[in-house]
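Residues per chain, in single letters:
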Amino acid sequence: MKKTITYITGFIISLTLVILIPQIAKAEIIPLTKGTTPEIATQNGKVLQAAINQASTTKAKQVTLPAGLFYINGKIILKSNIVLTGPNSTPTATTLTMNNAPMTTDSTPTSQESATNIILQNFTLQYNPTISKFNYLTNPTNFYQDNLLNIGMTTKAETAAGYKATTKKALKTNIKISNMIFNANNVGTSIINIAKAKNVMIQNSQLLNSGLQSGISLTYSDNITLTNNRLKNLGRTGIVMYYGNSGITIYNNQVIDWMQRYGSYHYDAVKKSGETLDSMQDAAIDSYGPANQYITVKNNRINLSAGANKVNPNNPLIAKKWRLKKVPNYTRYTAFRASGAQYVLYQGNTVNIDSPDTFSFFTTNMRKSNTLTRPKGIVLTGNNFTSRNIDYPIRIFAGISDTALLNGITIQSNNFRIVGKINNYYRSLINVREVPVTENKRTAYYPTALLSVFNNNIRSTNLGSMVDGSSTSKKDALQLLFLNNNKNNGKIHQTARNYIGTTLKSITYSNKAIRGTIIWNADETKTKYIRITNLAGKPIAPEQKLIKGVTRNFSIPIKLVRGNQIKVQISESKGNYTNNSTILYQVK
């Protein structure tokens with residue numbers, strides 16, 4: 001008897017769809033049904049999918065949702081050439097509540113189908129808050145794990161391959177998301193996942209309450225624009241670029257309260273693995289890397305929600321679960337991370353992190369996963385950074401530069417306000433570290449080639465050095481530092497120390513001479529030798545010797561014309577320029 005009833009019910013729903021399908025193409029608003037029963041949610045899913053399928057294959061591109069709250073069973077698969085929209089410009093007028101599956105562009109996790117010309121606008125998409133979710137203290141094994149909206153998917157093989165996708169060809173193109181509210185209700189993983197896509201825009205939308213992962217995640221994608229969005233209460237990062245992304249614009253967004261859930265699970269994983277517990281500090285806007293390049297992060301706001309000296313919520317939970325006497329600061333806040341990233345501009349952003357668990361305003365590191373990507377061409381300019389206590393305001397690992405362009409890492413014209421203490425050893429604004437990599441039982445050390453720091457204003461009663469280098473190899477962690485016109489509390493502050501090769505104030509060409517100023521770091525003692533060569537490395541001017549002082553100006557006579565390119569080499573050994581700092585200079 002039960003089988004008969006099921007058959008009849010299924011037949012009625014199927015008959016309803018057959019009757020509705022020809023009407024959907026003509027109807028302005030698709031006929032979704034209000035109600036919470038499984039039967040209604042299942043029917044809504046089928047009706048909505050039928051409308052999308054038909055709109056995709058006919059000239060009726062727009063699928064208009066009715067006003068109200070509607071429950072959906074099953075995944076909704078987006079198709080090419082559709083506009084899925086609410087009935088008006090108020091996104092709260094229509095809410096689609098996904099009971100057990102996401103909205104997606106792929107019918108299976110590995111199908112990787114092509115889709116193009118999709119618009120989502122003017123409605124709310126959410127997970128049902130009753131779905132099984134992550135709860136650290138009870139640590140369930142059956143929590144739901146999927147993103148709320150998937151635009152493209154990567155296979156497990158591709159994920160394991162680092163940045164090398166099976167094919168980098170964009171499978172999802174020309175997608176626009178506007179005036180939407182996405183609420184994951186702490187369910188699942190990320191809110192929006194974008195993979196193997198090109199020409200995607202997300203604008204004027206709210207992304208709220210991700211599960212264990214991020215607000216927006218990007219992988220193997222190009223020409224992505226994220227603008228005027230508000231992201232709040234994120235399990236991990238606000239916006240993360242995993243690997244193989246290029247042409248990313250992140251403009252005028254607000255990220256509030258990230259790293260709210262992931263840190264405690266990370267603590268458990270590290271503890272159970274037997275590895276050394278350190279800390280977890282993924283950023284509000286994060287490049288995980290490798291192979292992320294040409295990124296603009298401009299005019300964004302990053303902060304915690306109201307509350308002074310706010311502890312990261314993971315840390316008390318870790319202490320409670322593991323019965324620790326002291327709450328650890330294991331999960332910490334970083335605003336920007338640029339690991340495995342090249343040619344990145346951070347400009348005009350405002351960061352305010354008032355927490356005892358603040359790690360950094362900005363960090364960058366190399367990333368090696370099938371390919372080695374060392375940071376270069378990274379500029380921080382015109383940003384406002386504020387914190388209470390902070391461990392490393394800026395931390396740099398293994399940066400390189402294109403010699404011809406002199407574009408290593410540049411920190412210029414930023415405002416730093418640190419109300420409390422800088423917690424690193426030298427109380428430095430910027431800490432530069434080498435990266436040891438062991439291969440075939442041999443360890444190679446990767447230093448940073450070039451760092452330029454100028455015209456920054458700091459307000460701190462705790463500042464020691466502007467820049468310091470940390471090295472386990474006892475070699476220079478930073479080969480060349482440009483340091484000029486930085487001020488703390490209105491006074492020039494130019495102190496650098498510890499494993500920095502050469503610090504220069506400036507280099508210019510005037511009156512038939514190359515001129516510049518060398519700054520001796522706080523712990524330097526050696527004499528400097530300077531020579532000028534052509535691009536092939538042949539000396540074209542006499543070597544000059546500079547004896548240690550606080551600063552020393554040099555002037556090397558040489559006749560050059562506009563457009564000439566030369567090398568200026570600086571060494572600590574007379575006549576020996578094997579290990580030296582080299583600046584490529586072009587006469588203007």
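Structure shown above.
Residues numbered from 1 in each chain as written. Predicted model: local features only at pLDDT ≥ 70, side-chain atom pairs only at ≥ 80, totals over all residues. Heavy atoms only, no water.

Asker: Which residues make up the nonpolar core, and what are the values?
Answerer: Formed by 109 residues in total, the largest nonpolar core has its most connected members in L48, L451 and V467. It is helix α2 (residues 38-57) that contributes the most residues to this core, 5 residues altogether. Residues contacting L48, with those up to four places away along its chain left out, are I30, L32, V63, L65, I72, I76, L84 and L96. (Core = buried A, V, L, I, M, F, W, Y, C linked by side-chain atoms within 4.5 Å. Buried < 20%, exposed > 50% of the residue type's maximum accessible area, 1.4 Å probe, protein only. Helix = DSSP H or I, 4+ residues; strand = E, 2+ residues; numbered from the N terminus. Contact = heavy atoms within 4.5 Å.)

Asker: Quick rundown of unusual backbone geometry? Include the residues and the values.
Answerer: Trans peptide bonds make up the majority, and among non-glycine residues the majority have a negative phi. Across the junction of G289 and P290, the peptide omega takes the value 10 degrees, indicating a cis bond. Note on placement: P290 falls in the loop between β21 (283-287) and β22 (292-298). Positioned with a positive phi, R427 is a non-glycine residue whose angle comes to about 50 degrees. Mapped onto the elements of the fold, R427 is located in the loop between β34 (415-418) and β35 (430-433).

Asker: Could you give me a rundown of the environment of G563, with the residues and numbers involved?
Answerer: For G563, the position within the fold is in the loop between β49 (551-557) and β50 (565-571). Residues G563 and Q586, 23 residues apart in the sequence, show an inter-C-alpha distance of 5.9 Å. When neighbours within four sequence positions are excluded, G563 is seen to be in contact with Q586 and V587.

Asker: Lay out the pairing of strand β38 (residues 448-454) with the relevant residues and their values.
Answerer: Here β38 lies mainly inside the structure; 5 of its 7 residues are buried. Here strand β33 (residues 409-412) pairs with β38 via 4 bridges, running parallel. Each residue of the ladder has a partner; that of I411, found in β38, is V453. (Pairing = 2+ DSSP bridges.)

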